[in-house]
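Listed here are the chains, written in short residue letters.
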Amino acid sequence: MTHFLENYLPNVYLIPDEFIEATKQTLYMSFWTALIGGAIGLGFGIVLVVTRPQGLLENRLLYEVLDKVINVVRSIPFIILLSLLALTTRFLVGTTIGAKAALVPLIFGVVPFFARQVENALLEVDPGVIEAAESMGTSPLGIVFRVYLIEGLPGIIRVSALTIINVIGLTAMAGAVGAGGLGNLAISRGYNRFQTDVTIVATLLILILVFLSQWISNLLIKKISH
């Protein structure tokens, strides 16, 4: 194995510690972004569903405002969002460089994306089940937790996996501007120093993370379906 690395991946062979640290940074950014952004996005997704026209708690003004804000933020390219939120990031964490600083724009970027995905997943819930719950006198809050979130759980898991894959891609993009992680390693060493083997291995590690997240989500969906 050592002989293979020395001959075919010479630059990778020299910096194993940097790959370990970059992988940890990518996992750190992905985990906290998914956790915090996922919780906020889930809340906004639920609000979109219940306040939409003919929703449980119809509120056209709130729905229209939230809908438009989500559309606007989703339309901003992430690399530009990094720049726009630089002052906010510095105010919240004291710096704009590093994995911790990257969490601010990552969360801002993933919340509208996940909120829209959750909205679509919950809209797939059978309206007949919701009407049955309403006829039995279930409160709107009860319908959200006992009907929407339970019946729509497979869909939520599916869109969560899609969102996590998106987050991993965003961490790589954030790495290009000093956030650390595998994306930063691929750019700073692989691209800038013409170390192609570093770029290839960093890309393979990112792909492994993507495949793992998809595999875990598929297992969860199968378990719930049975």
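Residues numbered from 1 in each chain as written. Predicted model: local features only at pLDDT ≥ 70, side-chain atom pairs only at ≥ 80, totals over all residues. Heavy atoms only, no water.

### Describing the environment of Ala161
For clarity, the cut-off: Numbered from the N terminus, helices here are DSSP runs of H or I no shorter than four residues, and strands are runs of E no shorter than two. Buried means the residue's accessible area, taken with a 1.4 Å probe over protein chains only, is under 20% of the maximum for its type, while exposed means over 50%, and partly exposed covers the values in between. Contacts are residue-level and defined by heavy atoms, with any inter-residue pair within 4.5 Å sufficient.
Tracing the backbone shows Ala161 in helix H10 (residues 153-175). For Ala161, a relative accessible area of 4% gives the class buried. Sequence separation of Ala161 and Ala101 is 60 residues, and the distance between their C-alpha atoms is 24 Å. Leave out the neighbours within four places in its chain, and Ala161 touches Ser213, Gln214 and Ser217.

### Brief notes about helix H7 (residues 99-122)
Rule in force here: To estimate the expected span of a helix, subtract one from its residue number and multiply by 1.5 Å. Throughout, the bend at a residue refers to the angle made by two axes, fitted to the seven residues ending there and to the seven starting there.
For H7, built from 24 residues, the straight-helix expectation of 34 Å at 1.5 Å per residue is met to within 8% by its first-to-last C-alpha distance of 32 Å. At Pro105, H7 shows its maximal kink, close to 30°. Most of H7 sits out of view: 21 of its 24 residues are buried.

### Regarding the packing of H7 against H10
What counts here: For helices, the fitted axis covers only the stretch in contact; all axes are lines through C-alpha atoms, and the angles between them, taken along N-to-C directions, range from 0 to 180 degrees. Should an angle fall under 35 degrees it is taken as roughly parallel, and over 145 as roughly antiparallel, whereas 65 to 115 is taken as roughly perpendicular and any remaining angle as oblique. For any pair of crossing helices, the crossing counts as left-handed if the nearer helix is rotated counterclockwise from the farther one by less than a right angle, and right-handed if it is rotated clockwise.
It is the contact of H7 with H10, at a shortest axis distance of 9 Å, that shows an interaxial angle of 155°. Considering their axes alone, H7 and H10 lie roughly antiparallel with respect to each other. When you trace H7 past H10, the crossing you get is right-handed. On H10, the residues that touch Ala102, Leu106, Val110, Phe113, Phe114, Gln117, Val118, Ala121 and Leu122 of H7 are Gly155, Ile156, Val159, Ser160, Leu162, Thr163, Asn166, Val167, Leu170, Thr171 and Ala174.

### Some points on the pattern of salt bridges
Under the convention used in this document: By salt bridge we mean one thing: a side-chain nitrogen of Lys or Arg within 4 Å of a carboxyl oxygen of Asp or Glu.
Within the structure shown, the criterion is met by eight salt bridges. Residues Arg116 and Asp67 are paired through a salt bridge, measuring 2.9 Å at the closest nitrogen-oxygen approach. Placement of the pair is Arg116 in helix H7 and Asp67 in helix H4 (residues 60-75), with a sequence separation of 49 residues. Each member of the pair, Arg116 together with Asp67, is buried. Measuring nitrogen to oxygen at the nearest pair gives 2.7 Å for the salt bridge that ties Glu119 to Arg116. Placement of both Glu119 and Arg116 in helix H7 is noted, with a separation of three residues, approximately one turn of the helix. Counted as one network, the salt bridges with shared partners bring together Arg52, Glu64, Asp67, Lys68, Arg116 and Glu119.

### Structural notes on the nonpolar core
To keep things clear, this is the line we draw: Nonpolar core, defined: a set of buried Ala, Val, Leu, Ile, Met, Phe, Trp, Tyr and Cys residues in which side-chain atoms within 4.5 Å join the residues together.
Counting 18 residues, the largest nonpolar core has Leu122, Ile130, Ile143 and Tyr148 as its most contacted members. Those elements giving two or more residues to this core turn out to be helix H3 (16-51), H7, helix H8 (127-135), helix H9 (140-151) and H10. Here this core gets five residues from one element, more than from any other, and that element is H9.

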